[in-house]
Amino acid sequence: ENPSLLLKPLRFEITVETQEKGLKDDLRWNVVWVGSASDKSLDQELEDVDVGPIKGGISRFILETPPPDPKRIPAEDRLGATVLLLTCSYRGNRFLKIGYYVNVCETREEAIDDDGDTGNNRTNLVIPDG
């Protein structure tokens with residue numbers, strides 16, 4: 001769903017294509033919300049999950065993550081552009097890293113206060129197409 005409310009779970013529809021014999025081990029998927037461009041310690045790991053077994057051919061699944069915690073994002077970084085990172089590893093080797101630019105904006109007059117309260121949950125995430 002795009003745009004979506006900030007406090008709703010994030011959903012990714014994943015499609016994986018493998019050779020006929022499939023994958024022997026699971027794929028590890030990781031989703032990270034970048035809390036501040038200037039401080040990596042503020043990044044929030046939203047999901048870290050193993051998916052498998054992956055059979056040969058085309059496999060599809062939905063990866064759903066909890067939303068980021070606005071109280072862990074500095075007040076000056078709560079609105080505006082940020083990044084959502086999706087990575088995938090196989091046998092400890094990362095082979096996929098996708099960065100989504102996300103625009104966090106208010107849809108009403110309310111602003112996120114200094115305690116991370118989003119009022120009535122009307123803060124939107126907008127992930128640009130393309």
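Shown above is the structure to which this text applies.
Residues numbered from 1 in each chain as written. Predicted model: local features only at pLDDT ≥ 70, side-chain atom pairs only at ≥ 80, totals over all residues. Heavy atoms only, no water.

The next point concerns the side chain of threonine 87. The topology assignment puts threonine 87 in strand β6 (residues 80-90). Filtering out sequence-adjacent residues up to four positions away, threonine 87 remains in contact with Arg28, Trp29, Asn30, Arg94, Leu96 and Lys97. (Helix = DSSP H or I, 4+ residues; strand = E, 2+ residues; numbered from the N terminus. Contact = heavy atoms within 4.5 Å.)

Moving on to the side chain of threonine 18. Mapped onto the secondary structure, threonine 18 falls in strand β2 (residues 10-18). Among the polar contacts listed, one links the side chain of threonine 18 to the backbone oxygen of lysine 55, at a separation of 3.0 Å. Residues contacting threonine 18, with those up to four places away along its chain left out, are Leu23, Ile54, Lys55, Gly56 and Gly57. (Polar contact = N/O pair within 3.5 Å; in protein donor to acceptor, adjacent residues only side chain to side chain.)

The subject of this paragraph is the pattern of salt bridges. Within the structure shown, the criterion is met by 4 salt bridges. Via salt bridges that share partners, Arg28, Asp48 and Asp50 belong to a single interconnected network. (Salt bridge = Lys/Arg side-chain N within 4 Å of Asp/Glu carboxyl O.)

This model, assessed by the stated rule, comprises 2 aromatic pairs. Taken together, a centroid distance of 5.9 Å and an interplanar angle of 40° make the contact between phenylalanine 12 and tyrosine 100 tilted. With phenylalanine 12 in strand β2 and tyrosine 100 in strand β7 (residues 93-106), the pair connects residues that are 88 residues apart, well separated along the chain. Phenylalanine 12 sits in the buried class, given a relative accessible area of 8%. Considering the side-chain rings of tryptophan 29 and phenylalanine 61, the 5.8 Å spacing of their centres and the 70° angle between planes classify their relative orientation as edge-to-face. A residue pair is termed long-range when its members are at least 10 positions apart, and tryptophan 29 in strand β3 (residues 27-33) and phenylalanine 61 in strand β5 (residues 57-65) qualify at 32 residues. For the pair tryptophan 29 and phenylalanine 61, a shared accessibility class is recorded, and that class is buried. (Phe/Tyr/Trp six-rings, centres within 6.5 Å; stacked < 30°, edge-to-face > 60°. Buried < 20%, exposed > 50% of the residue type's maximum accessible area, 1.4 Å probe, protein only.)

By secondary structure assignment, the location of alanine 81 is in strand β6. What makes alanine 81 exposed here is its relative accessible area of 69%. For the pair formed by alanine 81 and valine 102, sequence separation is 21 residues and the distance between their alpha carbons is 5.5 Å. Setting aside residues no more than four positions away along its own chain, alanine 81 makes contact with Val102 and Asn103.

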